[in-house]
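Reading the structure
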Amino acid sequence: MRHDGPMDRTLRRRYSTYEWTPVTDGDSGAFVHLLVGPRSNLYAKIAPAASDGGPARDLAAEADRLAWLADQGIPVPRVVDRGADADAIWLVTEAVPGVGAAEEWPAHRRPAVAAAIAGVARALHELPVDKCPFDRGLATVVPLAEQAVAHGLVDLENLEDEREGWSEQRLLAELRRTCPADEDLVVCHGDLCPNNVLIDPDTLTVTGLIDVGRLGRSDRHTDLAIALRELRHVEDPWFGPDCVESFLERYGATELRTDRIAFYQLLDEFF
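This section reports on the structure supplied with the text.

What counts, and where the lines are drawn
Residues numbered from 1 in each chain as written. Predicted model: local features only at pLDDT ≥ 70, side-chain atom pairs only at ≥ 80, totals over all residues. Heavy atoms only, no water. Helix = DSSP H or I, 4+ residues; strand = E, 2+ residues; numbered from the N terminus. Rg over C-alpha atoms; globule rule 2.2 N^0.38 Å. Contact = heavy atoms within 4.5 Å. Areas by Shrake-Rupley, 256 points an atom, 1.4 Å probe, with all protein chains shown as cover. Buried < 20%, exposed > 50% of the residue type's maximum accessible area, 1.4 Å probe, protein only. Pairing = 2+ DSSP bridges. Axes fitted to C-alpha atoms, helices over the stretch in contact; angles between N-to-C directions.

Next up on the list: the overall build of the chain. Across its full length, the chain carries eight helices and ten strands. Computed over C-alpha atoms, the radius of gyration of the chain comes to 19 Å, within 12% of the 18 Å expected from 2.2 N^0.38 for 271 residues, which places it in the range of a compact globule. Along the three orthogonal principal directions, the C-alpha set of the chain runs to about 50 × 45 × 40 Å. Across the chain, the fraction of contacts at a sequence separation of at least 24, relative to all contacts at a separation of at least 6, is 67%. For the chain, the computed accessible surface area is about 13500 Å², with 48% contributed by carbon and sulfur atoms.

With respect to burial, helix α6 (residues 221–231) is a largely interior element, eleven of its eleven residues being buried. Among all positions of α6, only H221, T222, D223, L224, A225, I226, A227, L228, R229, E230 and L231 are buried.

Looking now at the sheet that holds strand β9 (residues 206–209). Taking strand neighbours across the sheet as the criterion, the three strands line up as β6-β8-β9 in an open arrangement whose pairing is antiparallel. Each edge of the open sheet carries a strand with a single partner, namely β6 (99–100) and β9. Strand direction decides the pairing type here: β6 and strand β8 (residues 197–199), joined by two bridges, are antiparallel. Bridge pairing in β8 places G100 opposite L198. Against the sheet, helix α3 (residues 110–125) makes contact with β8 and β9, and its axis sits at roughly 55° relative to β9, the strand it touches most.

Turning our eyes to something else, we now look at the sheet that holds strand β5 (residues 88–94). If you walk across this open sheet you meet the five strands as β1-β2-β3-β5-β4, and the pairing is antiparallel. Each edge of the open sheet carries a strand with a single partner, namely β1 (19–23) and β4 (79–84). Each adjacent strand pair in this sheet contributes to an overall mean axis angle of 20°, direction not counted.

Written as C-alpha cells, this is what we have:
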C-alpha cells in the first residue's frame, strides 16, 4: 500500500535519490516510510498539516524529545530534518542499527534482552527530572485520556483481556476512581514496550529508543507498568516470568506498587 501523493511531495523531491518503502507497523498515527540511500538509511514520518492536530502535534513533540534525549546522552535516532509545508508536517531521522527487542530471540538470550530494557529504563529514570522540559504528569495525561474518550479515540477492540468488553465510560470511571494522590516523578519514556527498544544482536546492548513522543516527567510506574506487562507474555514478544525477574534485578531496588502498576496499565488503554 502506498501512502504517497500531494502530502509528501516536498519530501519526495528533497530525498529523490532515496528508495521509498512504506512501513506498515507502528502506532504513531503518521505515515512512516523507510528511505534507503547510497550511504545511509532514514525514516520519514509524515502527517497531514490539516489534521485534527493529533498526528501533527505528536510529530513535533517527538522531534523535540529526540533532540533533548540526544543532549542527555541517551541513544536515540538523530533528527535529520523536520518541517512543514501547506500539505504536511514531517520528521526525518537516521535509521538506528539494531534489532527490535520484541523480536523472537533465542530463549537463552531473552533474560539479557529484558535486562537491557531495564538498563535503559534506569538510565532514563536517573536523568535530572527538574531539567526535563516535558510534562506527562497526571494533571496532563488524565485530561488527555478524557479527550480521547470525548473524541472516540479509544481502541475498544484492543483492550487487555481483563477489560475486554468495557465501554469508554467504564474505562474512564475506573481511571478516575483509581487515580493516585501523588507521583514518584522521573523522566519516563511513556511507552516502554520492547517494540520501542533497539538492541545490538551481538552485544545485547541498547542501540536506540524510538517512538519517544510520550516522553516526559511522570511516575516511574508509567514505564514499569508497560514494560512488565509486555515481558510477562510468553508468546509475542516471547518473554515470560524469568524475563520479568531479570528486568527487575537489573532495574534495581525500588518499591513496586501493585496499585500503581494497575493504574498505569489502565491509563495506557487510552492512548
